[in-house]
Amino acid sequence: MKTGAGLLALFVFAGPAIAYFKYQRPVQVPGTGQQYFAVQQDVWRNARPDLGDLRLYNGQTERPYALLVQRGSLEHDRKAARLLQQSRIAGKTQFIIDMSDVVEYDHIDLDLATKNFVAHARVEGQDDLHGRDWAMLAETILYDLSREHLGGNAMLRLPVSAYKYLRVTIDGPVTPEDVLGASSEFRQEQKAVWRDIGGPPANGRRPEKTTRSDDGNLNRQSAKATLLTFSVPENAPVERVVLEVDPEQPNFRREVEIQDEEGGVIGSGEINRIHMVRSGRKIDSEKQELDFSAQGHKAIQVIIYNGDDPPLKLKTARLQQYERRIYFDGQSSDRLALYYGDNKLEPPVYDYAKLFQQEKDAKEAQLGREEANAAYSGRPDERPWTERHPIILWIAIIAAVLVLGAIAVRSMKTAAAPWLQR
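Note that the structure is a prediction, hence the values are computed from the model and not measured.

Regarding the overall build of the protein
For the protein, the helix and strand inventory stands at 4 helices and 28 strands. Sequence-distant contacts, at least 24 apart, represent 78% of the contacts inside the protein between residues at least 6 apart. Element-wise, carbon and sulfur atoms account for 51% of the exposed surface of the protein, whose accessible area totals about 25500 Å².

Listed below in structure tokens is the structure:
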């Protein structure tokens, strides 16, 4: 029972309470339903680096939430498409496929009842169902050679397209009634969301000494390089550097190294701009950002190795991080506040986060300015009594030593008395 009570007490002390948070921010709720707000860069200054001490309260009631890092995603799924206006025109079968629910596609699978045939199909695209000008997309051969045991093909292969409607014309023994359905693979891309972090860098200059690894192509002591030094908000994660080079800058290819404030390498790569023709083929390449991962650094240094070329004409340079969003279900009547600043608090575990499904129409709430929590009192001192009162402990130890010493001396005198009387 004592062990169970001790564990219960530990759990209670480790849990959240409004009085344990040093800081708070009001949250303006725009309406009802799923909502979110972006974590501001200065939150990391007073919160745990992993944001594990963030808590959302409606009055005195804790509100569950899901913390999502907006890294982007790509989803695949097969989706059936509607068939419209199946008809016979000039002896050919023609129908419309409604693709408005599919963001992007490169093929259509037809479900055909016809067997043992060969037919020619033409596919055109248009966003206006009743428009006149249909774009020619592809021509293909549809066939079924079941009698010869040679299989078949009922797929319309297309260039990557996003037209809302496709018009298919089939020249051959396929009737409108033979076209039973159409489907395509659904591909939905959710792009990463980036936030600028910190401010612009110090003016570019040549570093006094480079620390780039020696690969045989660069003299480390005489390297010509541009150094950009960024100040980073306290504890904020940084995950990308973006360099915007003047559009008038001709073709270039430069190696880049990313270091922390002590010269430790935390990332490397190259930026380039290549627009040229080689062997009759056109080459187009633009890369002006580098991904890396760093947290807890006061400064980030970006070194662009120029070799014997003049420095690049940089228009802007900035650090970025993936946007962190707090998703929650809210009501217009809620009086929500975000609390943080309790380093002893463990990250929350909510069913809401485990079962979370992001909605496309989630509304953006507004996170207010940071304020000191007026109700803050701090956690009770959870250290053992002896650690909280070391002076009393030492006094007790010294007193015990003196008492034991006195007893020992007294015992020695008592033992020696009979021997002296002889």
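Some remarks on the pattern of salt bridges
Counted under the stated rule, the structure contains 19 salt bridges. Among the ionic pairs, Glu 323 bridges to Arg 195, the shortest N-O distance being 3.2 Å. With Glu 323 in the loop between strand 23 (314-322) and strand 24 (324-330) and Arg 195 in strand 15 (residues 194-197), this pair connects stretches of sequence that are 128 residues apart. The buried category is assigned to Glu 323, whose relative accessible area is 8%. Arg 273 is the salt-bridge partner of Glu 286, the closest N and O atoms lying 3.0 Å from each other. With a gap of 13 residues between them, Glu 286 in strand 20 (residues 281-287) and Arg 273 in strand 19 (residues 265-278) connect regions that are remote in the sequence.

A short note on the environment of Leu 110
Among the structural elements, Leu 110 can be located in strand 8 (residues 105-112). Sequence separation of Leu 110 and Ala 81 is 29 residues, and the distance between their C-alpha atoms is 10.0 Å.

With respect to the sheet that holds strand 5 (residues 66-69)
Here 4 strands make up an open sheet; going across it, the order is 5-24-2-26 and the pairing mixed. Both edges of this open sheet fall to strand 5 and strand 26 (363-364), since each of them pairs with a single strand only. In the sheet, strand 5 pairs with strand 24 via 4 bridges, with the strands oriented antiparallel. The residue of strand 24 that forms the bridge with Val 69 is Arg 324.

Here's the deal with the side chain of Gln 259
Within the fold, Gln 259 resides in strand 18 (residues 252-260). On the accessibility criterion, Gln 259 (4% relative accessible area) is buried. At 2.8 Å, the side chain of Gln 259 and the side chain of Glu 257 are in polar contact.

So, the packing of aromatic side chains
Aromatic ring pairs: the centre-centre distance and the angle between the two ring planes describe each pair. This structure, assessed with the given rule, holds 10 aromatic pairs. Taken together, a centroid distance of 5.5 Å and an interplanar angle of 65° make the contact between Tyr 65 and Tyr 350 edge-to-face. Placement of the pair is Tyr 65 in the loop between strand 4 (61-63) and strand 5 and Tyr 350 in the loop between strand 25 (336-340) and helix 2 (351-354), with a sequence separation of 285 residues. Both residues of the pair, Tyr 65 and Tyr 350, count as buried. Relative to Tyr 322, the ring of Trp 194 has its centre 4.2 Å away and its plane inclined at 25°; by these criteria the two rings are stacked. Residue Trp 194 is found in strand 15, and its partner Tyr 322 is found in strand 23; the two are separated by 128 residues along the sequence. On the basis of relative accessibility, which here comes to 22%, the residue Trp 194 falls in the partly exposed class. The lysine or arginine in question, Arg 240, covers the ring of Trp 194, its NZ or CZ lying 4.0 Å from the ring centre.

What to know about the nonpolar core
Counting residues in each nonpolar core, the largest one holds 47 residues, and the members touching the most others are Val 27, Phe 37, Leu 54, Val 241, Leu 319 and Phe 328. With 4 residues, strand 17 (residues 238-245) is the largest single contributor of residues to this core. In contact with Val 27, other than residues within four places in its own chain, are Phe 37, Leu 56, Phe 328, Leu 336, Ala 337, Leu 338, Ala 365, Gln 366 and Leu 367. The next biggest cluster of nonpolar side chains, apart from the first, holds 24 residues, and it includes Val 123, Leu 142, Val 174 and Val 179.

Here we look at the sheet that holds strand 23
Spatially, 15-23-17-21 is the arrangement adopted by the 4 strands of the open sheet, whose pairing is antiparallel. Only two strands of the sheet have a single partner each, and these edge strands are strand 15 and strand 21 (289-294). The mean inter-strand angle of the sheet, taken between neighbouring strand axes irrespective of direction, is 35°.

What to know about the environment of Asp 42
By the element assignment, Asp 42 lies in the loop between strand 2 (33-38) and strand 3 (55-58). Its relative accessible area of 27% is what places Asp 42 among the partly exposed residues. Along the primary structure Asp 42 and Gly 198 are separated by 156 residues, whereas in three dimensions their C-alpha atoms are 9.6 Å apart. Excluding residues within four positions of it along the chain, Asp 42 makes contact with Arg 25 and Glu 370.

A short note on unusual backbone geometry
Backbone geometry at Leu 51 places phi at a positive 60°, although glycine is not the residue there. The topology assignment puts Leu 51 in the loop between strand 2 and strand 3. What makes Leu 51 buried here is its relative accessible area of 4%. Of note in this structure, Asn 235 is not a glycine but carries a positive phi near 70°. With respect to the element layout, Asn 235 can be found in the loop between strand 16 (225-231) and strand 17.

What about the confidence of the model for the protein?
Per-residue pLDDT for the protein averages 85, and the proportion of residues at 70 or more is 85%. The model gives residues 1-13 a pLDDT under 50, and that stretch makes 3 contacts with residues more than four places away or in other chains. Low pLDDT, under 50, characterises residues 206-222; the stretch is placed with 25 contacts to residues that sit more than four places away or in other chains.

A short note on the pairing of strand 10 (residues 135-144)
Residues in a regular strand point their side chains to alternate faces of the sheet. With 9 bridges connecting them, strand 9 (residues 117-126) and strand 10 associate as antiparallel partners. Bridging from a neighbouring strand, Ala 121 pairs with Thr 140 of strand 10. The pairing of strand 10 with strand 11 (residues 152-153) spans 2 bridges and is classified as antiparallel. When the bridges of strand 11 are listed, Asp 144 appears paired with Gly 152.

Definitions and limits used
Residues numbered from 1 in each chain as written. Predicted model: local features only at pLDDT ≥ 70, side-chain atom pairs only at ≥ 80, totals over all residues. Heavy atoms only, no water. Helix = DSSP H or I, 4+ residues; strand = E, 2+ residues; numbered from the N terminus. Contact = heavy atoms within 4.5 Å. Areas by Shrake-Rupley, 256 points an atom, 1.4 Å probe, with all protein chains shown as cover. Salt bridge = Lys/Arg side-chain N within 4 Å of Asp/Glu carboxyl O. Buried < 20%, exposed > 50% of the residue type's maximum accessible area, 1.4 Å probe, protein only. Pairing = 2+ DSSP bridges. Polar contact = N/O pair within 3.5 Å; in protein donor to acceptor, adjacent residues only side chain to side chain. Phe/Tyr/Trp six-rings, centres within 6.5 Å; stacked < 30°, edge-to-face > 60°. Lys NZ or Arg CZ within 6 Å of the ring centre and 35° of its normal. Core = buried A, V, L, I, M, F, W, Y, C linked by side-chain atoms within 4.5 Å. Axes fitted to C-alpha atoms, helices over the stretch in contact; angles between N-to-C directions. pLDDT = per-residue confidence, 0-100.

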